[in-house]
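Close look at the chain arrangement
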Amino acid sequence: MAQLILDHVTKVFDDNGSDIVAVDDVNIDLEDGEFLVLVGPSGCGKSTTLRMVAGLETVTSGEIRLDDRVINDASPRDRDIAMVFQSYALYPHMTVRENMSFGLEESTDLDGDTISTKVTETAEMLNIGELVDRKPRELSGGQRQRVALGRAIVRDPEVFLMDEPLSNLDAKLRSGMRTELQRLQEDLGVTTMYVTHDQTEAMTMGDRIAILNDGRLQQVATPLEAYHQPANQFVAGFIGDPSMNFFEMEMQGDRLVGQEFAYPLSQQTRESLGDAVRVVLGVRPEDIELVSEASGDHDYETVVDVVEPMGNENNVYLNFTADSDTTFVATIGGMRSVEAGQPAVARFPESAIHLFDAETGEALKNRSLDELENAEPRL
Amino acid sequence: MSSQTANDSTSGIDFQRIGLYAVLVVMAAFYLSPLESGLMTAFKSQEAFIGSTPFVPPPPSGFTVEPWFEAWSRLQLGVFNSLLLAIPATALSAIFGSLAAYGLTNVDWRGQVAVIMLFVAGIFVPYQSVLVPLTQFWTMVGLEDILAGVPLLAERTGLLELIITHTAYGIPICTILFRSYYATIDPEMLEAARLDGATVARIYWKIILPLSVPIFAVTLIYQFTQIWNDLLFALVLLTSPENQVVTLSLNQLQGSMVQQYNLQMAGAFVAALPTLVVYVLFGEQFAEGVAGES
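Residues numbered from 1 in each chain as written. Chains lettered and ligands numbered in written order. Predicted model: local features only at pLDDT ≥ 70, side-chain atom pairs only at ≥ 80, totals over all residues. Heavy atoms only, no water.

1. Side note on the UniProt feature "domain: ABC transporter" (unreviewed entry) in chain A
Convention followed: UniProt positions are given in the numbering used here, feature names are shortened, and annotations may be inferred rather than shown by experiment. What counts as a helix is a DSSP run of H or I of at least four residues, what counts as a strand is a run of E of at least two, and both are numbered from the N terminus.
Taking the numbering used here, the UniProt-annotated feature "domain: ABC transporter" (unreviewed entry) corresponds to residues 4–239 of chain A. In residues 4–239 of chain A, helix accounts for 36% and strand for 28%; the two terminal C-alpha atoms are 25 Å from one another.

Now the structure itself:
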């Protein structure tokens, strides 16, 4: 078990003479036994970061430390790290047993019997005990996934690295594996770095999530912090599905004025903005209420554009006027009936709004968490 | 139209299909006729050959298997020497090709591209252009003197030179064949092996080599045929008659005064037999390798 530290890690690729910065000054500390999810859109540098920790890519500058030992220049085999790949990367000519024992044979001095016992134990734990004599091509996707996991687990490494391990599974299997992976990691207590582009995986699996964009670290926080207190507009838009609605606004007196609507601000909110003039107003779809009649300052007449029924809830796409380009989405209960073309009144409660600096994207004000804390059940 | 007739098999005849088969039969006959003529000639006596068209089967009076026995007795030594040459040369060029391709495809290092270009260029060097430098090279090396202490090898100097020459000449094409196959191997799998603690050499031995069976079949068949059928290098490098290979022996079946076509044809079939055997042995893996499925 170990503590993994990424200290000002930077990776620059040389692309025919021009430098491409794939990872830019990333600092992340993983506590012993922590499950950290590295999330971001494709091409954001998350896989490169993982591969640097694995030793498959060199580090341009900065340090990667494993329990105070700098491992920048250690070869992959000397790092005591196991990795699970997206393609599973199983050895096709070996049986499951051979696949799982290969790492132990190559990296330890254990004798055959000990290796065999360890492999059998791990296979039993992953419920693939009866498959050990099969070849990978005789297994289903989910079973291959388990073998790939088993190959990592059996080595009992200091750190697990996982590179989108669930993205080749179908949706049903994926959510099952998600839970199982989490349970496994908790039982084993191995420090884990998990890369994904899927924000659902990030939200549900990690102790903490690190959000990367364009090679830069945006925020490291618990999933709920990232959701409710995003550090900037990128994080706010990336985490959550459907995404947060954004409106570009300008501060005029005591209200925000946008293209389609104006939003009066309370004294308290105005103070948190400082002297920012151009801001982005953000509000999550589930925080928008659809009410029967416009009665307050934050109520707006809209027209329903499209309704996406999800069963438990409806995603309602709204326009301020029938021929407007600005569409935003509100999530309402699945039992409420709303139809396209019908008028609706949307309410943006002031306690739920986020405000971002339009220039830098920095969060100026996040939603208040008073209601949230009250709503959370005590454990 | 045609599909209708094909489905309705009880009525009428599918003229399109008949036409297709007719064309196929004519083409097959065209391509097989030299082979058939050769085979018929090999079973005819000299008189029967003169008295009949080549592709007509031998008349009962003119049928003989004598040319086969004579061809075999005169080619025996050549076949033996050719096996002695072709088997090690084929195996060596395939092994070296595989190793080079692994190093150039699955292992990362600076200046790879330049080396690959050299290999590719090697494929395009024609046999004829290296004949003179080749003989000069072997004269300079003086392999016979080097091996003087080991009489068993010294007697075979010519064959050894030929083995080394064919191995070297075969490496580029083998490398490229292996390379195209190794390029399809999942790089993540090799990275997984590195993380599992395997060294570059261990990865080759435990992962790459076991996965290379189909492409080994391809290169073995290709190289064996090339080396077996080569006359030019053998003609230049082999001096002693004890070392002569099958292509040279076959050439000598051509009499100076009387042309014994039946003997020459039988000899050609005897000489071609081993390559056929190799193809039958590795045929299945060959198909797999050509199809590019790992």
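Picking up where we left off.
2. Here we look at the packing of helix H12 (residues 213–229) of chain B against helix H15 (residues 261–291) of chain B
Between two packed helices, the angle of one axis relative to the other and the distance separating the axes together describe the packing. Residue and element names in this part refer to chain B. Defined as follows: Helix axes use the C-alpha atoms of the stretch in contact, all axes being lines fitted to C-alpha atoms, and the angles between their N-to-C directions lie in the range 0 to 180 degrees. We call two directions roughly parallel when the angle between them is under 35 degrees, roughly antiparallel when it is over 145, roughly perpendicular when it lies between 65 and 115, and oblique otherwise. Should the near helix be turned anticlockwise from the far one by less than a right angle, the crossing is termed left-handed; should it be turned clockwise, right-handed. Here, residues are in contact when the closest pair of their heavy atoms is within 4.5 Å. Throughout this entry, Asp, Glu, Lys and Arg are counted as charged residues, while Ala, Val, Leu, Ile, Met, Phe, Trp, Tyr, Cys and Pro are counted as nonpolar. The remaining residues, Gly among them, count as polar.
Between H12 and H15, whose axes approach to 7 Å, the crossing angle comes to 155°. The orientation of H12 relative to H15 falls into the category roughly antiparallel. Handedness of the crossing formed by H12 with H15: left-handed. Along the contact surface, H12 presents Val-213, Pro-214, Ile-215, Ala-217, Val-218, Leu-220, Ile-221, Phe-224, Thr-225 and Trp-228, while H15 presents Ala-271, Pro-274, Thr-275, Val-278, Tyr-279, Phe-282, Gln-285, Phe-286, Glu-288, Gly-289 and Val-290. A class-by-class count of the residues in the contact of H12 with H15 yields 16 nonpolar, four polar and one charged.

3. Some points on the domain arrangement of chain A
Residues and elements named next belong to chain A. As a reminder, the rule being used: The split into domains, and so the bounds of each, comes from an automatic or database assignment of domains. By buried area we mean the combined loss of accessible area, with a 1.4 Å probe, across both parts when two parts are placed together. For salt bridges, the criterion is a side-chain nitrogen of Lys or Arg within 4 Å of an Asp or Glu carboxyl oxygen. Within 3.5 Å is the distance limit for a polar contact, defined as a pair of N or O atoms, with the added protein rule that one can donate a hydrogen and the other accept it, and that residues adjacent in sequence qualify only through two side-chain atoms.
Per the domain assignment, the segments of chain A are domain 1 (4–234) and domain 2 (243–366). Interface area for domain 1 against domain 2, summed over the two sides, is near 750 Å², with a carbon-plus-sulfur share of 47%. For the domain 1 face of the interface with domain 2, the top three residues by lost area are Tyr-227, Pro-230 and Gln-233, together amounting to 69%. Across the contact surface, domain 1 and domain 2 share zero salt bridges. The tally of links between domain 1 and domain 2 comes to five residue pairs in polar contact (both at pLDDT 80 or more). Looking at the side of domain 1 that touches domain 2, its residues break down into three nonpolar, four polar and no charged.

4. Here's the deal with the sheet that holds strand S1 (residues 4–15) of chain A
All names here are of chain A. What counts, and what does not: Being paired, for any two strands, means DSSP has found at least two bridges between them.
The four strands lie next to each other as S2-S1-S4-S5, forming an open sheet whose pairing is antiparallel. Both outer strands of the open sheet, strand S2 (18–30) and strand S5 (69–70), are each paired with one neighbouring strand and no more. The sheet contact formed by S1 and S2 spans nine bridges and is antiparallel. Each bridged residue has a counterpart across the sheet, and for Phe-13 the counterpart in S2 is Ile-20. Where helix H1 (residues 46–54) meets the sheet, it contacts S1, S2 and strand S4 (61–66), and its direction lies at approximately 110° from that of S1.

5. Points about the packing of aromatic side chains
As a reminder of what qualifies: Note on aromatic contacts: the rings of Phe and Tyr and the six-membered ring of Trp form a pair at centre separations within 6.5 Å, being stacked when their planes are under 30 degrees apart, edge-to-face when over 60 apart, and tilted otherwise. Relative accessibility thresholds used throughout: buried, under 20% of the residue-type maximum; exposed, over 50%; partly exposed, between the two (1.4 Å probe, protein chains only). A ring is scored as having a charge over it whenever the NZ atom of a lysine or the CZ atom of an arginine sits within 6 Å of its centre and within 35 degrees of its normal.
For the coordinates displayed, the defined rule picks out 30 aromatic pairs over all chains. Relative to Phe-328 of chain A, the ring of Phe-247 of chain A lies with its centre 5.5 Å away and its plane at 75°, an arrangement referred to as edge-to-face. Linking Phe-247 of chain A in strand S11 (residues 245–252) with Phe-328 of chain A in strand S18 (residues 327–333), this pair joins segments that are 81 residues apart in sequence. Taking the relative accessible area as the measure of exposure, Phe-247 of chain A reaches 5% and is therefore buried. Given a relative accessible area of 1%, Phe-328 of chain A falls into the buried group. Relative to Phe-216 of chain B, the ring of Phe-178 of chain B has its centre 4.9 Å away and its plane inclined at 70°; by these criteria the two rings are edge-to-face. A residue pair is termed long-range when its members are at least 10 positions apart, and Phe-178 of chain B in helix H9 (residues 157–182) and Phe-216 of chain B in helix H12 qualify at 38 residues. The burial state of Phe-178 of chain B is the same as that of Phe-216 of chain B; both residues are buried. Put simply, the rings of Phe-247, Phe-261, Tyr-300, Phe-320, Phe-328 and Phe-348 of chain A touch in pairs and so form one group of aromatic residues. The aromatic ring of Tyr-91 of chain A is capped on one face by Arg-151 of chain A, whose charged end is 4.8 Å from the ring centroid. Note that Arg-284 of chain A overlies the ring of Tyr-227 of chain A, its terminal NZ or CZ placed 3.9 Å from the centroid.

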